Amino acid sequence: MQDVSIDKGHSRVETRRCVVATDLGAIEGQLSGWGPVKSVVMIESTREVVNGRNMGKPTKDWRYYISSLELDAVGFNQKIRAHWGIENSCHWVLDMTFDEDACRVRVRHGAENFAILRRIRLNLIKQEKSSKTSINIKRQKAGWSPDYLAVLLGVVPR
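Residues numbered from 1 in each chain as written. Predicted model: local features only at pLDDT ≥ 70, side-chain atom pairs only at ≥ 80, totals over all residues. Heavy atoms only, no water.

Draft legend 1. Main features of the nonpolar core. In terms of nonpolar packing, the biggest core is built from eight residues, these being Val93, Leu94, Phe98, Leu122, Ile125, Ala142, Tyr148 and Leu152. Breaking this core down by element, the ones donating at least two residues are helix 1 (73-98), helix 2 (110-127) and helix 4 (146-153). Here the element with the most residues in this core is helix 1; it accounts for three residues. Listed in part, the seven residues of the second largest apolar core include Cys18, Val20, Val41 and Ile43. (Core = buried A, V, L, I, M, F, W, Y, C linked by side-chain atoms within 4.5 Å. Buried < 20%, exposed > 50% of the residue type's maximum accessible area, 1.4 Å probe, protein only. Helix = DSSP H or I, 4+ residues; strand = E, 2+ residues; numbered from the N terminus.)

Quick look at the structure:
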């Protein structure tokens, strides 16, 4: 089974081809330990920039998945696309709000610990509804005002 989807936007065209294999007899022995695997999925992604410096130079990428779901190629293409949409939007917010990509913590578990702290801060800021301002403004306000920081942390009622 296969499905092809094309997205156009942000000066690029992305074509995703999803191929699903459900007859896993040939690789059954190699899947032991993975639980009930019912399908193997390949996404072939081709990106072409339609204006700018890299115009007309397509790039190709392949991603592979194993799944316990029994979906057709259209279903997997939609689910995988939705997952990466959530992942990318979360990463974008973390990078724009906390400049996550610029973090150079590399010692032991430091990078993972800082990533967890950033997500906790982001969740606390998003839960606070008394102020209808941006995440960045709420973050700055918490840095300037111990009273507002207490509200964010749930120490005082909202």
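Draft legend 2. Here's a closer look at helix 4. Within the sequence span of helix 4, burial applies to Tyr148, Ala150, Val151 and Leu152. Looking at the buried side of helix 4, the elements it contacts are helix 2 and helix 3 (135-144). At the C-terminal side of helix 4, Gly154 shows a positive phi close to 80 degrees. (Contact = heavy atoms within 4.5 Å.)

Draft legend 3. Local environment of the pattern of salt bridges. On inspection of all chains with the given rule, the structure shows seven salt bridges. Asp7 is the salt-bridge partner of Arg81, the closest N and O atoms lying 3.3 Å from each other. Pair noted here: Arg81 is in helix 1 and Asp7 is in strand 1 (residues 2-9), with a separation of 74 residues, a long-range link. For Arg81, a relative accessible area of 38% gives the class partly exposed. Residue class for Asp7 comes out partly exposed when judged on its relative accessible area of 29%. Close ionic contact of Asp61 with Arg63 constitutes a salt bridge, the shortest N to O distance being 3.3 Å. Asp61 sits in the partly exposed class, given a relative accessible area of 39%. Taking relative accessible area as the criterion, Arg63 reaches 23% and is therefore assigned partly exposed. Taken together, the salt bridges that share partners define one network made up of Asp7, Glu14, Arg16 and Arg81. (Salt bridge = Lys/Arg side-chain N within 4 Å of Asp/Glu carboxyl O.)

Draft legend 4. Region of interest: the sheet that holds strand 4 (residues 59-67). Spatially, 1-2-3-4 is the arrangement adopted by the four strands of the open sheet, whose pairing is antiparallel. Of all strands in the sheet, those bounded by a partner on one side alone are strand 1 and strand 4. Neighbour to neighbour, the strand axes of the sheet diverge by 15 degrees on average, direction disregarded. With ten bridges connecting them, strand 2 (residues 12-21) and strand 3 (residues 39-49) associate as antiparallel partners. What sits directly across from Val19, in strand 3, is Met42. (Pairing = 2+ DSSP bridges. Axes fitted to C-alpha atoms, helices over the stretch in contact; angles between N-to-C directions.)

Draft legend 5. Just the packing of aromatic side chains, in detail. Taken as a whole and assessed by the stated rule, the structure comprises zero aromatic pairs. Above the plane of the ring of Tyr148 lies Lys141, whose end atom (NZ or CZ) is 4.4 Å from the centre. (Phe/Tyr/Trp six-rings, centres within 6.5 Å; stacked < 30°, edge-to-face > 60°. Lys NZ or Arg CZ within 6 Å of the ring centre and 35° of its normal.)

Draft legend 6. Representation of a nonpolar patch on the surface within the structure. There is a patch of nonpolar side chains on the surface, built from Leu149, Leu153, Val155 and Val156 and spanning about 340 Å² of accessible area. Here Leu153 lies in helix 4. (Patch = residues over 30% accessible without salt bridge, like charges linked within 9 Å, V, L, I, M, F, W, Y side chains within 5 Å. Areas by Shrake-Rupley, 256 points an atom, 1.4 Å probe, with all protein chains shown as cover.)

Draft legend 7. Representation of the pairing of strand 3 within the structure. In this structure, strand 3 lies alongside strand 4, joined through nine bridges in antiparallel fashion. Across the sheet, Ile43 pairs through a bridge with Arg63, a residue of strand 4.

Draft legend 8. Spatial organisation of helix 2. Here helix 2 contains 18 residues, and its C-alpha end-to-end distance of 26 Å stays within 8% of the 26 Å for a straight helix at 1.5 Å per residue. Along helix 2, the positions that sit buried rather than exposed are Gly110, Ala115, Arg118, Leu122 and Ile125. On an axial view of helix 2, the arc spanned by its buried residues comes to 130 degrees, and they lie on one face. (Expected span 1.5 Å × (residues − 1). Arc of directions from axis to C-beta.)

Note that all results are geometric; they support no functional claim without further evidence.
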